[in-house]
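One-letter residues, chain by chain:
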Amino acid sequence: MTARLHVDLTALTANLDRVRDTVAPAELMLVVKDDAYGHGLDPVVRAAAAAGVDWFGAFDTRTGAAVRAVVGSGPRVFAWIAASRDDLDTAICAGLDLGIGDAELLEELGDAARDAGATVRVHLKIDTGLHRNGVRPEAWPAFVRRAAQLQADGAIDVVGVWSHIAEASDAEDDDARTVYEWALDEAAAAGIHPPVRHLAASAASFARPEFRYDLVRVGAFCYGIRSAGGPSAGDLGLRPIARLEAEVTAVHGDAAELGIGALDGLPTSLAGTGAHVGTAEGRRRLELVGETRSVVETWPGAAVGDTVTVFGPGLQGEGSSTDLAELIGTIGEEIAVRVSPLVPRVYES
Ligand SMILES: *Cc1c(COP(=O)(O)O)cnc(C)c1O
C-alpha cells in the first residue's frame, strides 16, 4: 500500500473561522463523528480546540469521552447516541452534554444521575420527520413535562432542545422547522426554556439563516467537503483539508498502476465513471480499481514512485471527494470516511 492521507490543519482552522463568521452570532459545534470524518479524531480536535472551538459533537458517548480526554474540562462535548446504562455512566463520568430522544432513556438517565450524585446537561430531541431517534410529536408534551420534573429534582439540567433535518429540500426543512418551533412552545409551556436551540448541519447553517438558532452542528463544511449537488467549496469560502495520494507501482504501455485499491477504501465502482486522478502531467482517467492496486491512463515520463492525487487539493486537475462521490451517487463524507484507518494520516500545520 502506498496511499497516504494528508490533512492540512491550517486549512481546517481557516474553515472553522469561515464557518464561525458565517453563522455568528450562533455558535459552532464541530461534529467529529466517524473519526472526524476520517481525518483523525485527536489531531482534529486538538487543532480545533486551539482555534477556540468550544462545542464538539461526538455521536456516541465513547467518542465523547475520547474528545473530553483531548480537550480537558473547558469545552462542551455533546453525544447523542446512548443505548445503555453503561453509555449513560460514561457520559456522566466524562461530563458530556447528552442528547436524549427517548422517554425510557430519560428515565434511565434520571436514575444514573441520582446514583452518581450528578446533574446531567441534557438536550431533548424532537423528531421533526427524519425518524432517527427523536421523540414523536404525539409523545412530546408528556416527555417535556417529565423532563421538567427531573430538572426540578436536580437530576438533569435541560440546556437544549434540538432536532436533525434532511437538508434535501427547502420545503421539507421548512416543515421540520414548523414542528421544531411547536416543540419549543410545548417545552416552554412545561417550564423549559433551553438556552441552546439547535437544528442545522452544514448546508442549512450556510443557506438558511433562520435555521441557525443558538448553535449549528457542522461537520462536512469544516472539513471543506461540499454538499453533493451544492455550491463549490470555493464559492462557500472553504477549502478541502484532506488530500489522498498514492504512488505509481508499475508502468506498462499505456497504463500506470497505483498502490491504492478497494482495501484502502477506494470504491471499486469509481472505475470507468469518468473519475480522474491528478498527475504531474494533468488529469488521468481511473480505469480499474482492484483490491490493492488501481490502474490509470499513463502520462509522459510516468515512473514508479511518482505521486498522484486521488482527491483533494494537490497535483493539477484532480477533484474533491464530493466530485468522486457524485460519480457514484453518494456524498463526499462517504468517500472521506471510507479511507481505511490503515492508510497513514500525515498532518500539516
Ligand atoms: C453528522 C451530523 C451532523 C453534521 O452534518 P454535516 O452535514 O456533516 O454538517 C449534524 N448533526 C447530526 C445529528 C449529525 O448526525
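For the structure, check the block above.
Rules used throughout
Residues numbered from 1 in each chain as written. Predicted model: local features only at pLDDT ≥ 70, side-chain atom pairs only at ≥ 80, totals over all residues. Heavy atoms only, no water. Salt bridge = Lys/Arg side-chain N within 4 Å of Asp/Glu carboxyl O. Helix = DSSP H or I, 4+ residues; strand = E, 2+ residues; numbered from the N terminus. Buried < 20%, exposed > 50% of the residue type's maximum accessible area, 1.4 Å probe, protein only. Core = buried A, V, L, I, M, F, W, Y, C linked by side-chain atoms within 4.5 Å. Domains from an automatic or database assignment. 1 Å grid on protein atoms, 1.4 Å probe; cavity = no way out; pocket = protein on both sides within 12 Å on 5 of 7 lines; lining within 4 Å. Points joined across faces, edges and corners; volume = space filled by probe spheres on them. Nonpolar A, V, L, I, M, F, W, Y, C, P; charged D, E, K, R; others polar. Axes fitted to C-alpha atoms, helices over the stretch in contact; angles between N-to-C directions. Parallel < 35°, antiparallel > 145°, perpendicular 65-115°, else oblique. Left-handed = near helix turned anticlockwise from the far one by under 90°. Contact = heavy atoms within 4.5 Å.

Q: Please provide a residue-by-residue account of the pattern of salt bridges, values included.
A: Close approach of charged atoms allows side chains with opposite charge to pair. Within this structure, the stated rule accounts for 23 salt bridges. E297 is paired through a salt bridge with R285; the nearest N and O atoms lie 3.7 Å apart. Residue E297 is found in strand β14 (residues 294-297), and its partner R285 is found in strand β13 (residues 282-289); the two are separated by 12 residues along the sequence. For R285, a relative accessible area of 40% gives the class partly exposed. Look at the salt bridges and you will find they share partners, linking R4, R243, E245, E247 and E348 into a network.

Q: So, the nonpolar core: which residues are in play, and what are the values?
A: L30, V32, L124 and Y223 are the most contacted members of the largest nonpolar core, which has 111 residues in total. Counting contributing residues, this core receives three or more from each of domain 1 (9-232) and domain 2 (242-348).

Q: So, empty space enclosed by the protein: which residues are in play, and what are the values?
A: One pass over the full model with this rule turns up 1 cavity of 30 Å³ or more. Volume-wise, the largest cavity comes out at about 60 Å³. Considering the residues around the largest cavity, the lining is formed by H39, Y223, G224, I225, P240, I241, A242, F311, G312, S320, S321 and A336. For the lining of the largest cavity, the class distribution of residues is 7 nonpolar, 5 polar and no charged. Both of domain 1 (9-232) and domain 2 (242-348) provide at least three residues apiece to the lining of the largest cavity.

Q: Describe the layout of surface pockets, with residues and values.
A: There is about 1,000 Å³ of room inside the largest pocket. Looking at the lining of the largest pocket, the elements with two or more residues in it are α2 (33-37), α8 (170-189), α9 (202-207), β9 (215-218) and α12 (332-338). Split by residue class, the lining of the largest pocket holds 23 nonpolar, 8 polar and 12 charged. Among the domains, domain 1 (9-232) and domain 2 (242-348) are the pair contributing at least three residues each to the lining of the largest pocket.

Q: Could you give an account of the environment of E104, naming the residues involved and the relevant values?
A: Turning to its location among the elements, E104 is positioned in helix α6 (residues 103-116). Residues E104 and F143, 39 residues apart in the sequence, show an inter-C-alpha distance of 9.8 Å.

Q: Help me get a handle on the packing of helix α4 (residues 61-71) against helix α5 (residues 85-94), residues and values and all.
A: Working note: a packed helix pair is described by the angle between its axes plus the distance between those axes. Remark: α4 packs on α5, axes separated minimally by 9 Å, with the N-to-C direction vectors making an angle of 15°. Judged by the angle between their axes, α4 and α5 are roughly parallel. Crossing of α4 against α5: the hand is left-handed. Of the residues in α5, those in contact with T61, A65 and R68 of α4 are D87, T90, A91 and A94. Taken together, the residues of the contact of α4 with α5 break down into 3 nonpolar, 2 polar and 2 charged.

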